[in-house]
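# Examination of the molecular architecture
The chain contents come next:
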Amino acid sequence: MNVRDSEHIIAELGDKEHYTLTDNMQDADLILINTCSVREKPVSKLFSEIGKYNKRKKEGAKIGVCGCTASHLGEEIFRRAPYVSFVLGARNVSKISTAVNTERFLSVDTDYDESNYAFGEFRNSLYKAYVNISIGCDKKCTYCIVPQTRGEELSIPSELIINEARKAALKGAKEIFLLGQNVNNYGRRFSGVDEKIDFSDLLNRISEIPEVERIRFTSPHPLHMDDKFLETFANNPKVCKSMHMPLQSGSTHILEQMKRGYSKEWFLDRALKLRAMIPDVSISTDIIVAFPGESEEDFEDTLDVMRQVKFEQVFAFKYSARPLTKAAEFDHQIDPEIGAQRLERLQLMQDEILDEIAESKRGKIYPVYIEELRNSGFLAGRSDNNALVQIEGDENLLGTTVNVKITNPKRLALYGDIVL
Ligand code: 5AD
Ligand code: SF4
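First, a word on what this report is: a plain description of the structure on this page. (Residues numbered from 1 in each chain as written. Chains lettered and ligands numbered in written order. Predicted model: local features only at pLDDT ≥ 70, side-chain atom pairs only at ≥ 80, totals over all residues. Heavy atoms only, no water.)

### Digging into the site of ligand 1
Convention followed: One heavy atom within 4 Å of a molecule or strand is enough for the residue carrying it to be called near that molecule or strand. N or O atoms closer than or at 3.5 Å make up a polar contact, with two conditions inside protein: a donor-capable atom paired with an acceptor-capable one, and, for residues adjacent in sequence, both atoms drawn from side chains. Helix and strand definitions follow DSSP, with helices as H or I runs of at least four residues and strands as E runs of at least two, each counted in order from the N terminus. Residues were grouped as follows: Ala, Val, Leu, Ile, Met, Phe, Trp, Tyr, Cys and Pro as nonpolar; Asp, Glu, Lys and Arg as charged; and all remaining residues, including Gly, as polar.
Taken together, Val38, Arg39, Tyr143, Gln248, Asp286, Ile288, Phe317, Lys318, Tyr319, Ser320 and Arg322 make up the full set of residues near ligand 1. Between ligand 1 and the protein, one listed contact pairs an oxygen atom with a side-chain N or O atom of Gln248 at 2.6 Å. Between ligand 1 and the protein, one listed contact pairs a nitrogen atom with a backbone N or O atom of Ser320 at 2.7 Å. Elements with a minimum of two residues in the shell around ligand 1: strand S11 (282-289) and strand S12 (313-318). For the shell around ligand 1, a count of residues per class yields five nonpolar, two polar and four charged.

Printed below as a string of structure tokens:
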């Protein structure tokens, strides 16, 4: 979502203020940093980064801080870094023109409604288009700062989404990537005229655009994975068969403490149903280890879900206590050393699973949508089920779909050759 927010900022500044991008800091009149606040580390990095910019920037250049840490720290950023020109919070992106033209502009209003705002056009990729479908998040997961920085959840009107997807697809982006904190809750609340539409309906409507070949989305919430959603996902051929299912913990007790709204059994039921419906589906997940009160048994439950589901990708994090969250106040915070050990155990186990998954792909043939020419000289793209595939080949292949036979499968990428 931050990547898309940055694209919106670039579009607004290009259209309204005639800024262009530069790779050279010495040339920049304006330096922006878009920030995350979900864990503590990126927040502490912010000040060291902007300190460096301040030393290296050209005379008179402005520095602006955007995103979730801007929302969360607000004024404090000016106090700790007085050379910053403006602080623009998440969901205040459409005010960027005002921000660059106003001395010490501060806007971190998490109630601000930009769900009806049609941003200008700018995309990093010609081949894949990110499209926001909602802003904010209505969940209250006890570890998470996002509802405090991105505010209440609002769905973006379907007409805006479909127009944006159509426009991008007509320009060559055959893949549309839908974004929201909680995409499968789409349609629950709009700020303007109420629509009767849910996420499954939205997927089906986008798939009716002839130029759209692939649809991806993130993040869905396991709680809202009802049968209608799973069936639309399975049966619509344009919807790519990779699902992100953020588990967070495999222990029903910890899930209750996290206020995730589902149990270990519900999660397993949904994930295994998906595997049964779509044999080639890939499932990725997010996991937090060492949440307050997590016992060895709770952690074992997480490993157990990992063994049963065999996720194709796991993003695992050590719990990080965040201000403004309930869990930060909980008793039984876990010793960071234990957290580090659990993370390591989890990663070792997942590496074995990944080796097994990679090996099972040897010799298979996948249609791969080629999106990128890497510095290594390899072309890179994704199979429908989101495996990263790399091949040798000509850049003319960018934006095309080719059949690739996997000859050298590795944990993080599958290498192969084009077959006709
Ligand atoms: N500590 C560690 N990880 C967190 N996440 C969110 N909040 C925290 C936290 N306080 C993780 C969750 C989420 C992902 C984006 O970041 O796993 O799904
Ligand atoms: Fe945070 Fe939970 Fe909302 Fe995800 S669903 S953004 S983890 S509060």
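### Some remarks on the site of ligand 2
The immediate surroundings of ligand 2 are formed by Cys137, Lys139, Cys141, Tyr143, Cys144, Val146, Pro147, Gln181, His221 and Arg260. Across the shell around ligand 2, the residue classes break down as six nonpolar, two polar and two charged.

### Description of the pairing of S11
Applied cut-off: Buried residues are those whose accessible area, probed at 1.4 Å on protein chains only, stays under 20% of the maximum for their type, while exposed residues exceed 50% and partly exposed ones sit between those limits. Only strands joined by at least two bridges in the DSSP assignment are considered to pair.
The buried count for S11 comes to eight of eight residues, which makes it a mostly enclosed element. Alternating residues of S11 divide into Ser282, Ser284, Asp286 and Ile288 and Ile283, Thr285, Ile287 and Val289, and every residue in both groups is buried. Across three bridges, strand S10 (residues 242-244) lies against S11 in parallel orientation. Paired with Ser242 across the two strands is Ser282, which belongs to S11. Here S11 runs beside S12; their pairing, made up of six bridges, is parallel.

### A closer look at the packing of aromatic side chains
Note the threshold: Geometry of aromatic contacts follows a simple scheme: Phe, Tyr and Trp rings, the Trp one being its six-membered ring, pair when their centres are within 6.5 Å, and the pair is stacked under 30 degrees between planes, edge-to-face over 60, tilted otherwise. Two conditions define a charge sitting above a ring: the NZ of Lys or the CZ of Arg must be within 6 Å of the ring centre, and it must be within 35 degrees of the ring normal.
Tallied over the entire structure, the rule returns 13 aromatic pairs. Judged by centre distance (5.5 Å) and plane angle (75 degrees), the rings of Phe291 and Tyr319 are edge-to-face. With Phe291 in the loop between S11 and helix H12 (296-309) and Tyr319 in the loop between S12 and helix H13 (336-359), the pair connects residues that are 28 residues apart, well separated along the chain. Pair check on accessibility: Phe291 and Tyr319 agree, each one buried. Residues Phe378 and Tyr415 carry aromatic rings whose centres are separated by 5.4 Å and whose planes lie at 75 degrees to one another, so their mutual orientation is edge-to-face. Of this pair, Phe378 sits in the loop between strand S13 (365-373) and strand S14 (379-383) while Tyr415 sits in strand S17 (residues 414-419), and the two are 37 residues apart along the sequence. Judged by relative accessible area, Tyr415 falls into the partly exposed class, the value being 24%. One aromatic cluster in this structure is built from Tyr143, Phe291, Tyr319 and Phe330. Above the plane of the ring of Tyr112 lies Lys95, whose end atom (NZ or CZ) is 3.8 Å from the centre.

### Concerning unusual backbone geometry
For residues besides glycine, phi is generally negative; the peptide bonds are generally trans as well. The residue after Thr218, namely Ser219, is reached through a cis peptide bond having omega -10 degrees. Even without a glycine there, the phi angle at Ala290 is positive, about 65 degrees. One can find Ala290 in the loop between S11 and H12.

### Observations regarding the environment of Ala90
Put simply, the rule reads: By the convention used here, residues are in contact when the closest approach between their heavy atoms is within 4.5 Å.
Among the secondary structure elements, Ala90 is positioned in the loop between strand S3 (86-89) and helix H5 (96-101). C-alpha separation for the pair Ala90 and Lys238, spaced 148 residues apart in sequence, amounts to 31 Å. Look past the residues within four positions of Ala90 in its chain and what remains in contact with it is Gly67, Cys68, Ser71, Thr149 and Arg150.

### A few points about the sheet that holds S3
Rule in force here: To get an axis, a line is fitted to the C-alpha atoms, and for a helix only the part in contact is used. The angle between two axes follows their N-to-C directions and goes from 0 to 180 degrees.
With parallel pairing, the four strands of this open sheet are ordered in space as S1-S2-S3-S4. Edge positions in the sheet fall to strand S1 (30-35) and strand S4 (105-107), since each of these pairs with one other strand and no more. Between one strand axis and the next, the sheet turns by 20 degrees as a mean value, whatever way the strands run. Strands in contact with helix H1 (residues 2-17) are S1 and strand S2 (62-67); relative to S1, the strand with the most contacts, it is inclined by about 155 degrees. This element, helix H2 (residues 40-56), spans S1 and S2 of the sheet and lies at about 175 degrees to S1.

Without other data, these values stay purely geometric and don't point to any function.
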